[in-house]
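# Chains, contacts and geometry: an overview
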Amino acid sequence: MSKLELGVCYYPEQWDPSRWRDDAARMVDMGLDWVRIAEFTWGLIEPERGRFEWGWLDEVIGILGEAGLRVMMSTPTAAPPKWLVDEHPEILPVGPDGQVRGFGSRRHYCFSSDVYLAEACRIATEYARRYGQNPYVKAWQIDNEYNDHETVLSYSDVARQGFRRWLADRYRSIDVLNETWGTVFWGSSYSGFDQIELPNGLVASPNPTQSLDFRRYSSDRVRLFSKAQADILRDHSPGRDITHNFMAGSFEFDHHDVATDLDVVGFDSYPLGNLLGSGLSDQEKHRYLRTGAPDYQGFHCDLYRSQGRGRMWVLEQQPGPVDWAEKNPSPAEGMVRLWTWAAYAHGAEAVMFFRWRQAKSAQEQFHTALFRSDDSPDQAATELKQIVLDRAALPPTKRGKAAVAMLLDYASIWAADVLPHDDSFPNAQIVRDWYAALREMGVDLDFVGPEDDLSGYALIVLPQSMIVTQQLAARLTATQAKLLIGARSGSMTSDMHTPPNLAPGTLADLTGVRVLRVESLPELANETVLFLGNTPLGFTGWREVVDTDQDVIGRFISDYCDGSPAVIRSKKATYLAMVPRRDLLQKVLRNALEWAGISPVDHGPDLRITRRGGLGFAFNFGTSALLLPSNGRRKILVGSDPVMPRDVTVWKEDVLPDQTAAK
Ligand code: GAL
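Residues numbered from 1 in each chain as written. Predicted model: local features only at pLDDT ≥ 70, side-chain atom pairs only at ≥ 80, totals over all residues. Heavy atoms only, no water.

## Side note on the packing of aromatic side chains
The tally for this structure, following the rule as stated, stands at 38 aromatic pairs. With centroids separated by 6.4 Å and ring planes inclined at 70°, the aromatic side chains of tyrosine 270 and phenylalanine 354 adopt a geometry described as edge-to-face. Taken together, the positions of tyrosine 270 in the loop between strand E6 (264-269) and helix H10 (282-287) and phenylalanine 354 in the loop between strand E8 (348-353) and helix H13 (379-392) put the pair 84 residues apart, joining distant regions of the chain. For the pair formed by tyrosine 270 and phenylalanine 354, the shared burial category is buried. Judged by centre distance (5.3 Å) and plane angle (80°), the rings of phenylalanine 299 and phenylalanine 447 are edge-to-face. A residue pair is termed long-range when its members are at least 10 positions apart, and phenylalanine 299 in helix H11 (residues 296-307) and phenylalanine 447 in strand E10 (residues 445-448) qualify at 148 residues. The pair formed by phenylalanine 299 and phenylalanine 447 is uniform in burial state, with each residue classed as buried. Aromatic rings pair up to connect Trp42, Tyr109, Phe111, Tyr116, Tyr146, Phe225, Phe246, Phe253, Phe267, Tyr296 and Tyr304 into one cluster. (Phe/Tyr/Trp six-rings, centres within 6.5 Å; stacked < 30°, edge-to-face > 60°. Helix = DSSP H or I, 4+ residues; strand = E, 2+ residues; numbered from the N terminus. Buried < 20%, exposed > 50% of the residue type's maximum accessible area, 1.4 Å probe, protein only.)

This is the structure in structure tokens:
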């Protein structure tokens with residue numbers, strides 16, 4: 001049970017020391033609890049190898065702590081200093097174009113470099129020794145945003161060497177590798193591990209098993225890097241929570257894996273920054289240009305809360321326009337507050353705003369903050385006042401378990417990336433679309449990874465699970481839950497082979513389906529599915545021809561195999577032989593919820609309702625006032641019914657009909 005904690009990202013090194021005391025006092029006055037510092041300070045603390053200048057950071061921590069703030073320290077490994085790069089240029093990452101990425105910004109290191117790993121551990125140990133027992137240091141952030149600037153996949157010489165070692169360890173013999181990769185195809189077999197190259201810069205598409213292995217290898221390197229630092233911090237700073245700030249929409253490494261070594265999973269939330277590059281339609285982008293997508297915050301907070309075993313912090317919250325997206329619009333008035341409460345409602349323990357004061361020089365000068373560079377308050381500082389007032393009106397709560405779980409598996413997303421077929425299979429976007437459609441119906445969700453506990457859910461949805469191991473299939477079969485399984489699930493073995501029994505491979509018994517053929521259609525084909533009713537609805541163009549002896553509850557309308565099964569239901573699982581577009585998706589999900597004993601409520605596109613403990617939260621992303629659903633007794637604690645535009649209503653739930661998990 002906790003109340004919302006608030007914090008700010010602070011860069012004292014960018015300001016004259018004479019301002020630190022006043023900054024700290026104002027942070028406390030404004031109701032902030034946390035201050036996150038130091039993630040890019042290595043070059044300042046150790047200006048040359050072995051010479052440390054701790055004095056200023058000691059002083060800053062003292063000032064912040066004495067003012068009453070809890071300090072979140074960071075290890076500074078996201079920005080190695082120039083002298084280290086000069087000493088060891090081989091630590092630099094290499095892009096897929098073979099170009100070495102140089103010094104002068106950040107994240108200029110390659111996860112494959114053992115030299116860098118040792119250096120990162122050395123500096124993390126220095127920071128941990130210095131501040132691990134400091135009474136004001138209450139938590140640690142490791143590094144900063146692992147895949148920022150797309151640095152997880154690096155094509156360096158050390159990556160090549162590391163990949164070869166990883167493969168030798170995995171396959172033991174080159175014959176096994178040849179067999180597993182299927183290198184007989186195009187005569188690309190190898191006679192030794194030292195012949196293997198990285199899967200970039202080729203004439204045509206690389207071997208998919210090789211590419212998937214490279215993703216696995218790269219993800220393992222992130223885990224190794226992260227865990228090494230977590231272990232050091234645990235040794236030197238016991239009792240302090242350890243976190244890392246994951247990014248939105250980032251699937252390049254296995255976040256389930258990395259989260260295992262963290263106490264709390266962190267997330268950096270930029271709802272507007274991430275809007276224009278998202279998979280939403282132009283119409284939706286227009287509609288939510290100044291609010292961000294209604295499910296941005298919920299999706300990531302639910303995902304990372306689940307990975308954090310219930311514990312999640314927003315470590316950077318967008319305060320106004322950012323400076324790095326395609327275009328950088330201003331949020332509508334009220335949105336910083338709305339995002340903050342949405343994060344809390346979806347399980348965040350704390351929300352920290354990025355950043356205290358707008359930069360006066362160097363990169364990111366256009367990026368807003370709580371205060372402008374002249375110290376005048378900006379939008380987020382104004383909205384923070386209301387957030388603090390709201391907080392006083394709310395009792396502490398904890399988010400409970402949901403009735404519906406969504407399976408998200410990183411290897412499956414990599415698999416569709418390396419063998420896409422074509423763009424009629426939108427891969428990770430499918431996961432987001434299913435999440436959004438469920439949220440529009442008021443459904444609260446947990447995420448589960450392939451290794452997680454699957455018990456206690458009424459419905460488990462698998463929007464995109466290309467790789468389903470025998471063990472996972474057995475565990476899915478053993479749950480009490482009904483299953484909704486998206487197209488292409490189970491269609492590859494862990495080695496990226498077509499399953500011996502064809503797709504959906506390990507899910508064949510559960511679904512009673514055998515996929516005979518896959519085709520993809522251009523938009524102009526305009527084919528549809530008839531599902532429960534007489535309005536044919538569209539799909540993305542990804543279409544499977546299946547053989548089944550189970551109930552067919554949706555059929556293709558087509559000039560090819562007209563009437564063939566599109567939605568198939570067995571006793572326990574519903575299988576989709578296509579990727580439904582929005583209208584069809586909503587219908588299918590609604591039907592699956594009812595089948596699992598859950599009553600969906602239609603909240604429309606702009607209203608989102610969720611529950612945290614005994615509190616109900618409603619968020620209005622639209623431009624007109626929206627009424628709360630009329631059923632249930634409730635006592636409103638914040639806001640009103642109707643929920644005003646870009647506003648938040650919070651109530652104490654007495655008898656609001658709930659979705660209770662299956663027993
Ligand atoms: C994040 C990063 C921060 C800052 C911010 C600007 O990705 O972690 O250091 O650059 O973006 O929005």
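## Here we look at helix H12 (residues 335-345)
Most of H12 sits inside the fold, with 11 of its 11 residues counted as buried. Along H12, the residues that are buried comprise Met335, Val336, Arg337, Leu338, Trp339, Thr340, Trp341, Ala342, Ala343, Tyr344 and Ala345. Note on H12: the residue one or two positions beyond its end, glycine 347, has a positive phi of about 115°.

## Comments concerning the pattern of salt bridges
Per the stated rule, a full pass over the model turns up 54 salt bridges. Between arginine 36 and glutamate 316 there is a salt bridge, with the nearest N and O atoms lying 2.9 Å from each other. Of this pair, arginine 36 sits in strand E2 (residues 34-36) while glutamate 316 sits in strand E7 (residues 312-317), placing them 280 residues apart in sequence. Owing to a relative accessible area of 5%, glutamate 316 belongs among the buried residues under this scheme. A salt bridge links arginine 234 to aspartate 263; the shortest N-O distance between them is 3.2 Å. A residue pair is termed long-range when its members are at least 10 positions apart, and arginine 234 in helix H8 (residues 208-236) and aspartate 263 in the loop between helix H9 (255-259) and E6 qualify at 29 residues. Given a relative accessible area of 34%, arginine 234 falls into the partly exposed group. (Salt bridge = Lys/Arg side-chain N within 4 Å of Asp/Glu carboxyl O.)

Any functional reading would require information that these geometric values do not contain.
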